[in-house]
Amino acid sequence: MADVTFSELTPLVEFVGVNRVYGQVVALDDCFFRLLPGELSFLVGPSGAGKTTLLRLINREIKPTRGEVWVDGLPAHDLSAKRLAELRRKVGVVFQDFKLLPRLTAAENVAFALQVTDLRIADGEARERALDALDAVGLHDRAEHYPHELSGGQQQRVAIARAVVSQPPLLIADEPTGNLDQETAWQISTLLEDIARFGTTVLVATHNMEIVHRLQRRVLTLSAGRIVDDQPAGRSARLLWATS
Amino acid sequence: MGNILRGPRPPRWRTVKVVVRNTFRYLVGGAIRNWLRNFGSTAPALGSMTLLLLLVGLGLVGAVVGQNIANTEARDASVLHVYLRDDATTDAVNALEAQLSGNPDVQSVAYVSKSEALARAQNRPGLPQLADAAESNPFPASLDVKIRSVDRVGAVDASVRHNPAVDSGVPSSYDPSAYRRFQQVLFWVAAVGIAFLILLAFIAVTVTANSIRAAILSRRDEIGIMQLVGAPRWMVRGPFVIEGAVTGAAAGALSGVLALVVCVFAVQAGASSFAQIAPGLTLKAGLVIGLFLFLAGPLLGSVSSLGSVRRHLES
């Protein structure tokens, strides 16, 4: 069997000349990048730089004005509405505001995401897998708690468990630590690192530069809609926009 | 993270059972649960849809009656009743009958005696009481003349109305404009009725679509999560379409029962009064109309909500 180097792997996400315009405002301009399987990357940049727009393009919440967005072999830029679910099952999403359903317990929130995407999963199996996912994020003992009974960090862990329970190849997180204190933010970040270690590609949009520096992973820097810097893992000591 | 891995594949029958149960629970169970929870916002849609379907039902009752009257009118229009004087001699009547039989426009001639006329009247709703109320037989003898073409009824009437055997007061049943007038009235009643139903259908569909929109807004968080995790489109939209169908089914059942009650009353009232309230209307026709409304309700509800879902639920 031939040796395959990391850079030769088929990219899980690929942006080719992507441009996104809102009216007169250019949110993303001529973006090119690739994310490889199992890679943890950070997306940084000032507010309004286009980070959320980039993540929404991956999940096909919006379409690019120009260019191509490929996710695990699917053309997100040109996908019919009928095939959107297929794309979204490949992408786990985590938000700053958690987006948990308040009338469901932590376990039910996770199981809900599992069962609405795959009707073949029985209640017992869904619950078992939800508890496994909660266990993996360190929340097994909070499975029967409702979101309002959990701290912000715990709610974010539930949201991460929900995003990964169906084992998608890609996880995108939009400011996952934005509502959390530094210690909790660090715990969440190490959790995302663990997820990447098990082979899931993780892309995190964040303002939290301390975490970016500590984890020393690949960093894509956006400014005014353009990727102005793409630093490989281990070299994120100097970031253009943060240090300027 | 390693222990989230899936176990061995379960047997096929169990998978099918789970899929059916989950589908029923998310689609039908979810729809009924939300319908009950959102009943406040669904009630106006239920009311307007019930009203629409009830009016459609009453329109169908009217159509059955109108069709029956039209058939009777068309049949009667080619039959001319020539009323005979009470004191007309047998010879005069025979001569008149022979004259009519010799007319090339006439297909057949039949003599109806006074007692036969009375017997016929007793078979018509309302008339038995009138016949019983009179001390003597009020119905005249007549010649029932079947004309080959409706257009020639007037000519045949003109050839016999001054015959000495014919009653000079009411010589015949011929009324040149009655059939045409009836057809015109029927046309305009149908046209106005259909226009009114279209307007009402528009209102019902709009109100239903708005109630579904309210249901979508009240569940937008759940819908958002379902869409983000990759729930199939039919699973996101299905419960709302079924919710609309449930509203339609309730409206259909309500209006179907009401229409049936109206039919029963009309048939019973027609059988026990002088005037024939709804000629041709039977309980069987009422049941068919009720069943039609019961089936039309869910269809109307699901189509209305499908339109709303397509408009208000983004992918």
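Residues numbered from 1 in each chain as written. Chains lettered and ligands numbered in written order. Predicted model: local features only at pLDDT ≥ 70, side-chain atom pairs only at ≥ 80, totals over all residues. Heavy atoms only, no water.

> When you look at the interface of chain B and chain A in this model, what are you seeing that I'm missing?
Many authors give the size of an interface as the accessible area that is lost as the parts come together. Taken together, the 29 residues of chain B in the interface contact 38 residues of chain A. Summing the contributions of chain B and of chain A, the shared interface buries around 3,000 Å²; its carbon and sulfur component is 61%. Taken together, the links from chain B to chain A amount to two salt bridges. The residue aspartate 123 of chain A makes a salt bridge to arginine 25 of chain B at a minimum N-O spacing of 2.8 Å. Across the chain B-chain A interface, the total number found is seven residue pairs in polar contact (both at pLDDT 80 or more). (Contact = heavy atoms within 4.5 Å. Buried area = accessible area lost by both parts, 1.4 Å probe. Salt bridge = Lys/Arg side-chain N within 4 Å of Asp/Glu carboxyl O. Polar contact = N/O pair within 3.5 Å; in protein donor to acceptor, adjacent residues only side chain to side chain.)

> What am I meant to see in helix 1 (residues 12–37) of chain B here?
Count 3.6 residues to each turn of an α-helix, and residues three or four apart come out pointing the same way. Residues and elements named next belong to chain B. Over its 26 residues, helix 1 runs 36 Å from end to end, which matches the ideal 38 Å to within 8%, given 1.5 Å per residue. When the local axis directions of helix 1 are compared, the greatest deviation, roughly 30°, occurs at arginine 25. Of all the residues in helix 1, the buried ones are Thr15, Val18, Asn22, Tyr26, Leu27, Gly30, Ala31, Asn34 and Trp35. (Helix = DSSP H or I, 4+ residues; strand = E, 2+ residues; numbered from the N terminus. Expected span 1.5 Å × (residues − 1). Bend = angle between axes of the 7 residues up to and from the residue. Buried < 20%, exposed > 50% of the residue type's maximum accessible area, 1.4 Å probe, protein only.)

> Before we go on, may I ask you to explain the packing of aromatic side chains in this structure?
Centre-to-centre distance and the angle between the planes together describe a pair of aromatic rings. One pass over the structure, following the stated rule, counts four aromatic pairs over all chains. Between phenylalanine 187 of chain B and tryptophan 188 of chain B, the ring centres sit 5.2 Å apart and the planes meet at 80°, which makes this aromatic pair edge-to-face. Just as phenylalanine 187 of chain B is exposed, tryptophan 188 of chain B falls in that class too. We note lysine 99 of chain A situated over the ring of phenylalanine 95 of chain A; from NZ or CZ to the ring centre the distance is 5.1 Å. Just above the ring of tryptophan 186 of chain A sits the side chain of arginine 214 of chain A; from NZ or CZ to the centre is 3.5 Å. (Phe/Tyr/Trp six-rings, centres within 6.5 Å; stacked < 30°, edge-to-face > 60°. Lys NZ or Arg CZ within 6 Å of the ring centre and 35° of its normal.)

> How do you make sense of the sheet that holds strand 6 (residues 91–94) of chain A when you look at a structure like this?
Hydrogen bonds between backbone atoms are what pair the strands of a sheet, whose relative direction is either parallel or antiparallel. All names here are of chain A. Judged by pairing direction, the sheet is mixed, and its six strands sit side by side in the order 6-7-8-3-9-10 without closing on themselves. With one partner strand each, in any of the chains shown, strand 6 and strand 10 (226–231) form the two edges of the open sheet. Across the sheet, the axes of successive neighbouring strands diverge by a mean angle of 20°, strand direction being ignored. In the sheet, strand 6 pairs with strand 7 (residues 170–174) via four bridges, with the strands oriented parallel. Along strand 7, the bridge assignment pairs valine 94 with alanine 173. (Pairing = 2+ DSSP bridges. Axes fitted to C-alpha atoms, helices over the stretch in contact; angles between N-to-C directions.)

> Is there a simple way to think about the sheet that holds strand 2 (residues 106–112) of chain B in this case?
Residues and elements named next belong to chain B. With antiparallel pairing, the three strands of this open sheet are ordered in space as 1-3-2. Edge positions in the sheet fall to strand 1 (79–83) and strand 2, since each of these pairs with one other strand and no more. When the angles between neighbouring strand axes are averaged without regard to direction, this sheet yields 20°. Where strand 2 and strand 3 (residues 142–147) come together, six bridges link them in antiparallel fashion. Counted as the bridge partner of valine 106 is isoleucine 147 from strand 3. On top of the sheet, helix 3 (residues 90–101) reaches strand 1, strand 2 and strand 3; it is set at about 160° to strand 2, its chief contact. With respect to the sheet, helix 4 (residues 114–122) is in contact with strand 1, strand 2 and strand 3, its orientation differing from that of strand 2 by roughly 95°.

> For this particular structure, what's the right way to read the pairing of strand 8 (residues 201–205) of chain A?
A regular strand places its side chains so that they alternate between the two faces of the sheet. All names here are of chain A. With five of its five residues buried, strand 8 lies for the most part within the structure. Side chains Thr201, Leu203 and Ala205 of strand 8 all project onto a buried face; the interleaved residues Val202 and Val204 project onto the opposite face, where all are buried too. Relative to strand 8, strand 3 (residues 40–44) runs parallel, the two sharing four bridges. Following the sheet pairing, leucine 40 is matched in strand 8 by valine 202. Of the strand pairs in this sheet, strand 7 and strand 8 are connected by five bridges, and their pairing is parallel. Paired with aspartate 174 across the bridge in strand 8 is alanine 205.

> Even after reading the chapter, I still don't get the packing of helix 3 of chain B against helix 6 (residues 153–160) of chain B, so can you show me in this structure?
The packing of two helices is summarised by the inter-axis angle and the distance between the axes. Residue and element names in this part refer to chain B. Interhelical geometry of helix 3 versus helix 6 gives an angle of 150° and a closest axis separation of 11 Å. Looking at the two axes, helix 3 sits roughly antiparallel to helix 6. Seen from above, helix 3 lies across helix 6 with right-handed handedness. In contact with Leu96, Gln99 and Leu100 of helix 3, helix 6 contributes Val156, Ser159 and Val160. Residues of the contact of helix 3 with helix 6, tallied by class, amount to four nonpolar, two polar and no charged. (Parallel < 35°, antiparallel > 145°, perpendicular 65-115°, else oblique. Left-handed = near helix turned anticlockwise from the far one by under 90°. Nonpolar A, V, L, I, M, F, W, Y, C, P; charged D, E, K, R; others polar.)

Function cannot be read off these values alone, since they describe shape.
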